[in-house]
Every structure is written in structure tokens, then in C-alpha cells.
Amino acid sequence: MKKKWYRNGMVKTVAAVVGIASLTAAAAGGASAAGIMSMGVNPLDRGSYLESRSFENSMYSNTYEVLHALSYAQFLYPEQGGENIDLGEILQNRNPTEEKLTGLSYKLSDLKKWAEIDDWNTMTNDILICVKPNGSPEYMYYDEFEKKILDGELEFLAPSSDAVSYEENTEYAEDYMPLEPEASGTAGVDELSKQGILACLKNHDYAAYEYYGEEQYYLDSNVGILNSGVLGVGDKDGEMVYRNVINEESDYQIAEAFPPAGADSILDILNEEPQWEGKLNQAFMALTDALDQIRIAKTSEKMLKQHYAEGKTNLSYLLVTDPGKPGEKIMSNAEAGDYEKIIKEVEDGKDPYVILGTAPEDGRSNLTFAGDKTASGLQHLAEDLTGSMGLSLWQHMVENVGLNDQNKKFVFAAWVDKDFPVQDLMAKDSENYEKYSKWLMPSMILFAVGALLFLICLIILTAGAGRNNEEETVQLNFFDRWYTEIGACAIAALWGVPFTLILGLGIDVADSVEKLKYIVLFVAALGAWTAIWFFTGWLSLVRRIKGKTLWKNSILRKIWKLIVRICRKLWRMFRDFINFFAENTVSRVKTALIFTAFCFLQFLLCAFVFSGLAEMLFILAALDLLGLIYFLKKARGRELILDGLQRITDGELQYKIPLDKLTGEQRKMADYINRIGEGLDAAVEKSLKDERMKTELITNVSHDIKTPLTSIINYVDLLKRENPQDPKIQGYLSILEEKSQRLKTLTEDVVEASKASTGNISLEMADLNFVELIHQVIGEFEERFQEKNLSIMVHFDQEEAIICADGRRLWRVLENVFGNVAKYAMENTRVYAELRVNRKKVIFSLKNISAQPLNISADELTERFIRGDVSRNTEGSGLGLSIAKSLTELQGGEFKLYLDGDLFKVTIVFAVKEKADEQKNQEA
């Protein structure tokens, strides 16, 4: 395999270290560059601070702030003789297309005091609109209206007995009378009625209900008192004064703190001045705007005094409105004097300045930038005053502050002391520029180089991730085997620890802007931390993609597979359901029809009951009772069938399910089951007959073979007594004797196996000591075990275990088991014999290691003629274990085999005699 340099472990280690270091450097450089540029330093700046774009931006922003504040502050200084604020003029400024309204104004001093109140704009809903008979409105505060009603100056008018209602006559009826019980004769309204209507007006709900006494009063704010059942408001004589009174909701009505000029209330002006008729909301809107402008103007004036007063800033400004006219106004933070002389001194001086006028051509400036004569808009101001970027920029600033919207000429000048004697923001910017501007370009280069190196290292690590030069397969580490989503969340959580600490501890990086080096170190540390966890997450992602485990180890994939399995299962259930009914068997169709009819009748009868036909309840109960009887009858039939199946399964093949108690399909099913029982009985009887015939055949054949075999054995014995001297003859006789004895043993085993399997053996059951019998068998086989170097390990937890068994047959069982060990156990191994008494059972187990592989099951070993030695190189008939199992079961015991590889284990279980247990308890 050709080696690739980027898969080398050393190369990947160096790339990871360099990548982390480069991202750290890039973060430090970026933070340094961003911090320096946040101080106003421009990467393209050259030369001193006064020649930089940073100074241009600073001067522009300060000038804009001053002009904006001056524009608002002028509202506090009206023209000569104008100590009042005309609300009509404010409305016209809001919408110049409307005609100017006059007659409503406030004293400026009152508005200033009003604006200083904390809750100056508290809303009020106490203004009522009283509609006169001619349709014109009259405004009145609720308290005044209530006083007039309660004093009897005004009365609510109710219709007389022959009056037309409000709904029937939109022109309003002329038949009125005071709303009193004696006069109305039909309304029955007393003093509580007045209070109910007044409460509705006071609450000002769109749809208000009030209870007074037993009456309920409803008032719609759009209709007024007419909804309360009255036809208007009249005087003491019953003459209508107002045909309706409405408390209309408004977002502009504020509580009056000061009255307007020449009136006690703003409502007086609205009621008396024809121009203001019906303009309640407009008047309060103009009043709110005036108060808001005064608050802004006072805030602007305060800002100018705090930040731009003489001696507090290096920026000097001069604003002259209507220069050379009687209304000339000068606003400046410089020494007072002739403004033209001041501007001349500014132009002749060396301080940077900007002068703006009403016309664009009046603008001029001496601002320049070293090394760049065309890029700056201010440079265009000095060289080309027609259509330049700088002119449009500063002219746009003038338009924003609104100086040219007041139809007045103005001159504005702003200049900066180039020595920065005052420590303001511009002086600080100058200091920062001189201190940090030289580091801006190196910081940007460091950022670019670090980012480039990080990208190169990332490419190298990505190419070599998961593979090395020794193996082509993708190598996944412990983290790569995590679920994809859990791994991603873990990386994100660990990466976000520093940011969580910053938020949790309340660290504000903005508080340390002046400590740039600490910020750079902090950001560099975050860069290193980010690089570590980015590489960890990214390279894990790459290895997962290369190893094709990204989606395989995804939780979403498992969820998707679960959803697919559920959908498939539901689809199979639906398909089976469809197939179930698609067969259209008579039983299913019949059951479905009966159930449908039953549900339909239930629904129909329930509908009748709920509709009021109570007698249908008895029919419904009868239907339910019939359904219960039907299902109980079916349940009884199922119980009979299940009972019959259980009895037949338990061996009662002659049992018959009674058919007289069954009907329909259950009767037919029971009949089939009875026939199955008869067939099983016949099959069992035939099987037993065949088994008996086979046993008799084996017995007869064995008996027929036994007779000549006995003769052969006898003649062999006679020949041996002749003492032939020929060695060949002696060898032949030995082989003949051995094989004839083996054939005799096989014949006896076949007969005994046949009798044992059919139970055709007489047992002589007696109490015997199982432990003692096992010891005797062990002694019998001791020599045979020694011949194969087998060591027997005996462990009996009881010295005596009395069981009920046939001693001769049980000896045969143990002989067969131990003989099996002697024949097939591996030489030079141990044989374990263990006996323990567990509750009322004695359990004997014998374990050994087989010399031949056991490639068959335990059940097969207990079948006839089956041997563990498949090649049959050893002696044996394959009947020993089968005979042992049959004899054990005939005596009431259990015979079990267990195979685990070459381990062979026999377990024999018998019940312990209760008398023996009692004797043990007495001895204890």
C-alpha cells in the first residue's frame, strides 16, 4: 500500500497544533482590529488624526447631534412678541393641506411647567359630548354634567305614554316630559334611574351594564344615553337641551393641568370658537404634540449645556437664524460677538471647520485627508461645491434636523480646536487614534494569515482523518461511536461553557473597552477553546462520514425506523382486517350485521329518550337485556367447548361435548371436536396395538435367537476344555466366546428395553438407601475406572437417603450409567458423583468429559440404538441410557441428560420417603 504523507500520525499532530495556534492568532488579530476600528480608526487612514476619516466621522456625528438639539431647542424661544403657543399652527405643521385654525393657544410658561409634571399625559375619560337638537356638539366634563342633573338644572327626558320610541322615530319625538315617576306615568323611574344612567356615562364602557335597585341599565358608548330608554336631556320646563349625551372613547384626551390663554378650560374654547366645533380630538392631539415638543426641547437644551457648553467640548458651533433681520437669533457655545467676525476668524485660522448656509453654495470647509484628495465628501466641499458627495451628505444632515423647513435663512459654523485642550470624546478619539492606529494593519494581517493557516490545517486533517498508512479501513475512536446527535450536543455544550460563564457571572465586555489588551487575550483564549472543540467535532464528523456511521448511529434513524416499523405493523393490521372481511364468510358477515343492527337500535332508542320519549327507556333496557342474554349464552357455549378440549387434551379421548346445550356454529364445532376425539382414540388404540405387536416380535425373535446362541456358547466352552495346543485355534475360540457373549448381552438388552418401554415389567418396590446403593456401584466400577485412569470425585451431603424403588432395577440403572462413563469418558480425567437432598427429593448427578465429540442432542442419546460414539469403535449396544431412562420413570423417578460441548451429565431424581424425614427431624 502506497503511503500518503497526510495520513502520518506526526503530520496530523503538527497540523492540529498549528491549526489551534493559527485560529488563536486569528481570533486575537480580529479582536484587536475590531477594537481599534470601534475607536473610529479606518484601515485606509494615513497621517495624523485631523487628516483621517475617523476625525471626519467624529466631527460629522457631533455636528449632527448639535444641529438636531438646536433645532428642537428653538421651540423654547419663540419670535418676539410670541409668548403663546398656537395649537392651530401645530395642527397645520402636522397636516399642511388643512386650513389653519386660530383662537386656541397656551402660554409658553404654562406649558413648560406642565411638561415638568411626571404624569403630564394622564388620560381622562370624563369629557361628555352633548348633542344639541340641531346636531352640533357641546363639550362638558362629567362632574359638571352630574351636578346639573342632581341639582335639577337638567333632567333626563323619557317618552310619555303616546310618545314614539327612539327606534321608531329617527327625527326624535317632540312629546317630552321630565323623567320622574309622577310625570312619566308609564316608565316608573325614580332617583335610582338617574344614578344608573350617570354610572354608565361615568364608567365609559363600550357596552356597560349597571344595576340600581331592580333595574338594569345598558349604555353603548357609540349611541349614548338613548340606549337607556330616555329620549334626551331637557331643562326644568321639559324643553330639550341635548338630544343625546355620549362619553366617546379617545386616545388623545389628557387631564388639563393649566387652562389655555383667555379661558378657564379648553372645552370653553371648543364650545365658543366656531372654527374648533367638533374638533375635540384634534385640539387634544395638538396640545399633546406641544407638550411633547417642549419636553424634547428641554432635553436637547440640557444636553447642549452638559456636553457642548464652552469649556466642556473641543467643538465650537454658531447658529444664526434670519441673519441681518430684526428677528435675528444667535445660538452658540463660543464667545459672544459679531457672527461675521467670528466666521472670518474661523476661516483665517488653522482649526478644521465646516460652514453651512441656507443655499448649498454657501458651504465651505478646510478639511483634507493625507494621501487621498478625492475620496472624502468634505474634500469635495472645498474643491467642487456643485453636486459633490460631501455637499449632498451635509445638506442631507441639514434637511434631517429641519432647519431648511422653517423658511428662514441661517448660517451654521462648526470648528474644532486642533490642540484638543478639553478631554471630551473627540480628544479621546484622537488619543486612541495616535496610540492604536499603527496596530490596525498588523492586526488585520495576523487575522488573515491565521485564518489561512487554519484553513490549510483543516484540509490536511480532513484528508487524513480516520485512516493511517498501516490500515485502509476507517479507525473510529470511543467518541465516534456515540450517537450522532448526542455527540453534536456534547461538543456544542462544551464549546458553550465559556459563554455560559460570561452570561451567568454577568461579565460585560463593554465595560473593558479601554483595556484592549485584556479583550484581545480573552478573545484569543476563546479562539483556542473554539479550535479545540471544532477540530474534535469536525474530525469526528469526517470519520463518521468515511466510516458510513453518521446516519447509522443516529437517533433520528432509530426513531425513523421505529416509525416505519409501527407504520408497517399498522398497515399489516389494516390489511389483515381487510382480508378478514374480504373472505366474506357467513359467520363474520352475520356477526357484523348483528352488531351493526344492535348499535343502530341503541343509537335510535337513545335519541328517542333524549328527545323526551321516556317510555323508550324501557324498550332500550329490554334490548340491552336481550343482548346480555345472547352474549351469556354464547359465553356458556365457549366454556363447554373449552372444557371438552381440555379433557380430550388431558387424555379423556372418550369424552363427548354435550350438543343439546349448544346451537348454531358452536354446536357444529362441538360435533367436529367429538369426531376428532373418536379419531384420536382410534389412532391411539392402533398405536398401542402396533407397539404390543412389535414388542412381542422382538421378544419372540430374541427368544428364538437365545436358544441356538446358548448352544453356541456351550459348545465353545466344551472346545476350550479340550485344551487345543494350536495358538490359532485358541485365538479363534476366544473371539468366538467374546462375540457370542456380546450377542447374548445385546439380546437380553433388547428384550429388557422392549419390556421397559411398554411397562411390561413387574417391579418389587421396597425402601432402600440410595446413597449406599451408589457406593456399591462405585466400588463395582473402581477397577474399570482405574484402567482408564479416571478419578472419581464423590460429594454426598447426606449419609442416608431412603427412597422407594426396585433394588434390582435401580442397580441396572446405575450400572448402565456408570458403564456409559467407563466406555466413553476421556482418559486421565475426573468423574464427579454428587448427591444432595433438596426438600423432599434426592438428586444424584454424574458428570464426565466425553472422549468423542457429542454432536447430538440429549434427547437423541436416550433413544434406542443411539450411541455417542458414532464410529462405533467401542463396545455397546446403544440401549443402556434408553433402558436406564425407562426403568427410572417406571419406578417414579426422573432421568435427565445435559450436554455442554464435551461435558456429559446425568441427573437421577427420586422422592425421599416421608418416614425417613420424620426420623431425621426426631434425631435433630
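Residues numbered from 1 in each chain as written. Predicted model: local features only at pLDDT ≥ 70, side-chain atom pairs only at ≥ 80, totals over all residues. Heavy atoms only, no water.

Looking only at helices and strands, the chain has 27 helices and 23 strands in total. Relative to its full complement of 924 residues, the chain shows a buried share of 37%. Pairs at least 24 residues apart make up 68% of the contacts formed inside the chain by residues separated by at least 6 positions. Of the roughly 54100 Å² that the chain leaves accessible, carbon and sulfur atoms contribute 55%. (Helix = DSSP H or I, 4+ residues; strand = E, 2+ residues; numbered from the N terminus. Buried < 20%, exposed > 50% of the residue type's maximum accessible area, 1.4 Å probe, protein only. Contact = heavy atoms within 4.5 Å. Areas by Shrake-Rupley, 256 points an atom, 1.4 Å probe, with all protein chains shown as cover.)

Here the focus is the pattern of salt bridges. Evaluated as defined, the whole model comprises twelve salt bridges. Among the salt bridges present, the one from Glu-138 reaches Lys-132, with a minimum N-O distance of 3.9 Å. Among the ionic pairs, Arg-675 bridges to Asp-671, the shortest N-O distance being 3.2 Å. One end of the pair, Arg-675, and the other, Asp-671, are both in helix H20 (residues 664–721), four residues apart, so they sit about a helical turn from each other. Through salt bridges that share partners, Lys-841, Glu-894 and Lys-896 make up one connected network. (Salt bridge = Lys/Arg side-chain N within 4 Å of Asp/Glu carboxyl O.)

In this section: the pairing of strand E20 (residues 830–838). Regular strands show a simple pattern: their side chains alternate between the two faces of the sheet. Where strand E18 (residues 791–796) and E20 come together, six bridges link them in parallel fashion. Each residue of the ladder has a partner; that of Ser-791, found in E20, is Arg-830. Two strands pair when backbone bridges link them, and E20 and strand E21 (residues 841–849) are joined in this way by seven bridges, in the antiparallel orientation. The residue bridging Leu-835 from the neighbouring strand is Phe-844, located in E21. The antiparallel pairing of E20 with E21 creates a hairpin that spans two residues between the two strands, and Arg-839 there sits at a positive phi of about 60°. (Pairing = 2+ DSSP bridges.)

One recurring pattern in soluble globular proteins is that nonpolar side chains are buried together. Grouped together as the largest cluster of nonpolar side chains are 42 residues, with contacts concentrated most on Phe-770, Leu-810, Leu-814, Phe-818, Phe-844 and Ile-908. Contributions of two or more residues to this core are made by helix H22 (770–780), strand E19 (802–806), helix H24 (807–824), E20, E21, helix H26 (880–890), strand E22 (894–900) and strand E23 (903–911). Counting residues per element, this core draws most heavily on H24, at seven residues. Excluding anything up to four places from it in sequence, Leu-814 contacts Phe-770, Leu-773, Ile-774, Val-777, Phe-844 and Ile-908. One finds Leu-67, Tyr-436, Leu-516 and Val-520 within the second-largest nonpolar core, a separate group that totals 39 residues. (Core = buried A, V, L, I, M, F, W, Y, C linked by side-chain atoms within 4.5 Å.)

Two orientations exist for strands paired in a sheet by backbone hydrogen bonds: parallel and antiparallel. If you trace the five strands from one edge of the open sheet to the other, you get E18-E20-E21-E23-E22, paired in mixed fashion. What marks the edges here is a single partner per strand, and that holds for E18 and E22. For this sheet, the mean angle separating the axes of adjacent strands, direction not counted, is 15°. Contacts between H24 and the sheet are confined to E18, E20, E21, E22 and E23, with E21 contributing the most and set at about 20° to the helix. Contacts from H26 reach E22 and E23 within the one sheet, and its direction differs from that of E22 by about 140°. (Axes fitted to C-alpha atoms, helices over the stretch in contact; angles between N-to-C directions.)

Turning to the environment of Lys-408, a few remarks are in order. Mapped onto the secondary structure, Lys-408 falls in the loop between helix H12 (389–401) and strand E16 (410–416). Lys-408 sits 87 residues away from Thr-321 along the chain, and the two C-alpha atoms are 6.6 Å apart.

Here the focus is a negative patch on the surface. Side chains of Glu-780, Glu-782, Glu-783, Glu-787 and Glu-815 sit close together on the surface and give a patch of like negative charge. By secondary structure assignment, the location of Glu-815 is in helix H24. (Patch = residues over 30% accessible without salt bridge, like charges linked within 9 Å, V, L, I, M, F, W, Y side chains within 5 Å. Lys, Arg positive; Asp, Glu negative; His and termini not counted. Charge placed at Lys NZ, Arg CZ, Asp CG, Glu CD.)

A few words on a positive patch on the surface. Together, Arg-568, Lys-569, Arg-572 and Arg-575 line one region of the surface with positive charge. Assignment of secondary structure puts Arg-572 in helix H17 (residues 555–582).

Under the definition given, this model contains 21 aromatic pairs. Centre to centre, the rings of Tyr-49 and Phe-420 are 5.9 Å apart; their planes meet at 55°, and the pair counts as tilted. With Tyr-49 in the loop between helix H1 (9–38) and helix H2 (53–73) and Phe-420 in the loop between E16 and helix H13 (425–464), this pair connects stretches of sequence that are 371 residues apart. Tyr-49 gets classed as buried once you look at its relative accessible area, which sits at 2%. Exposure remark for Phe-420: the relative accessible area of 12% places this residue in the buried category. These aromatic residues form a ring-pair network of at least three members: Phe-770, Phe-781, Phe-785, Phe-818, Phe-844 and Phe-910. In this structure, Lys-847 packs its charged tip against the face of Tyr-832, placed 5.8 Å from the ring centre. (Phe/Tyr/Trp six-rings, centres within 6.5 Å; stacked < 30°, edge-to-face > 60°. Lys NZ or Arg CZ within 6 Å of the ring centre and 35° of its normal.)

Reading across from one edge, E4-E3-E11 is the order of the three strands in this open sheet, with antiparallel pairing throughout. If you trace the sheet from one side to the other, it starts and ends with strand E4 (137–141) and strand E11 (244–246), each paired once. In this sheet, neighbouring strand axes are inclined to one another by 25° on average, regardless of whether the strands run parallel or antiparallel. Pairing between strand E3 (residues 127–131) and E4: five bridges, direction antiparallel.

So, about H13. Given 3.6 residues to a turn, an α-helix orients residues that are three or four positions apart in the same direction. At Tyr-436, H13 is bent by approximately 45°, the largest bend along its length. N-capping of H13 is provided by Asp-424, with a side-chain oxygen placed 3.3 Å from the backbone N of Met-426. Gly-466, located one to two residues past H13, shows a positive phi value of around 85°. (Bend = angle between axes of the 7 residues up to and from the residue. Polar contact = N/O pair within 3.5 Å; in protein donor to acceptor, adjacent residues only side chain to side chain.)

Time to look at helix H4 (residues 108–116). Among the residues of H4, those classed as buried are Leu-108, Asp-110, Leu-111, Trp-114 and Ala-115. Take H4 and look down its axis: the buried residues cluster within an arc of 155°, on one side only. Along its buried surface, H4 packs onto strand E1 (84–86), strand E2 (105–107) and helix H9 (280–307). (Arc of directions from axis to C-beta.)

A word on the packing of H1 against helix H16 (residues 516–546). Two quantities define a packed helix pair, namely the angle between the axes and the distance from one axis to the other. The geometry of H1 relative to H16 is characterised by a closest axis approach of 7 Å and an angle of 145° between their N-to-C directions. Handedness of the crossing formed by H1 with H16: right-handed. Across the interface between the two elements, Ala-16, Gly-19, Ile-20, Leu-23, Thr-24, Ala-27, Ala-28, Ala-31, Ser-32, Gly-35 and Ile-36 of H1 pack against Leu-516, Val-520, Val-523, Ala-524, Gly-527, Ala-528, Thr-530, Ala-531, Ile-532 and Phe-535 of H16. Class assignment for the residues of the contact of H1 with H16 results in 15 nonpolar, six polar and no charged. (Left-handed = near helix turned anticlockwise from the far one by under 90°. Nonpolar A, V, L, I, M, F, W, Y, C, P; charged D, E, K, R; others polar.)

What follows is about the confidence of the model for the chain. If pLDDT is low for a region, its predicted coordinates should not be looked at in detail. Residues of the chain with pLDDT of at least 70 account for 79%, and the chain-wide mean is 77. Confidence drops under pLDDT 50 across residues 205–223; counting only partners more than four residues distant or on other chains, this segment forms 47 contacts. Segment residues 369–389 is flagged for pLDDT under 50; beyond a separation of four residues in sequence, or across chains, it makes 40 contacts in the model. (pLDDT = per-residue confidence, 0-100.)

Glancing now at a nonpolar patch on the surface. Where nonpolar side chains cluster on the molecular surface, the patch consists of Met-10, Val-14, Val-18, Met-441, Ile-445, Val-449, Leu-452, Leu-453 and Ile-456 and spans about 770 Å² of accessible area. For the nonpolar patch, the elements supplying multiple residues, two or more each, are H1 and H13. Looking at the nonpolar patch element by element, the count peaks at six residues for H13. Residue placement: Leu-453 occurs in helix H13. Since its relative accessible area comes to 38%, Leu-453 is described here as partly exposed.

Here we take up the side chain of Arg-544. Assignment of secondary structure puts Arg-544 in helix H16. For the buried Arg-544, no salt bridge exists, and the shortest N-O distance to an oppositely charged side chain is 4.7 Å, to Asp-480. Those residues within four positions of Arg-544 in sequence are excluded, and the remaining contacts are Phe-479, Asp-480, Trp-482, Tyr-483, Thr-484, Thr-549 and Leu-550.

What follows is about the environment of Gln-666. When you line up the elements, Gln-666 lands in helix H20. Owing to a relative accessible area of 12%, Gln-666 belongs among the buried residues under this scheme. In this structure, the C-alpha to C-alpha distance between Gln-666 and Gly-637, residues 29 residues apart in sequence, is 6.6 Å. With near-sequence residues (within four places) excluded, Gln-666 lies in contact with Lys-633, Lys-634, Gly-637, Arg-638 and Ile-641. At a separation of 3.0 Å, a polar atom in the side chain of Gln-666 contacts the main-chain carbonyl oxygen of Lys-634.

Attention shifts here to unusual backbone geometry. For Phe-420, which is not a glycine, the phi torsion comes out positive at approximately 50°. Located in the positive-phi region is Lys-548, a residue other than glycine, with phi close to 60°. With respect to the helices and strands, the residue Lys-548 is situated in the loop between H16 and H17.

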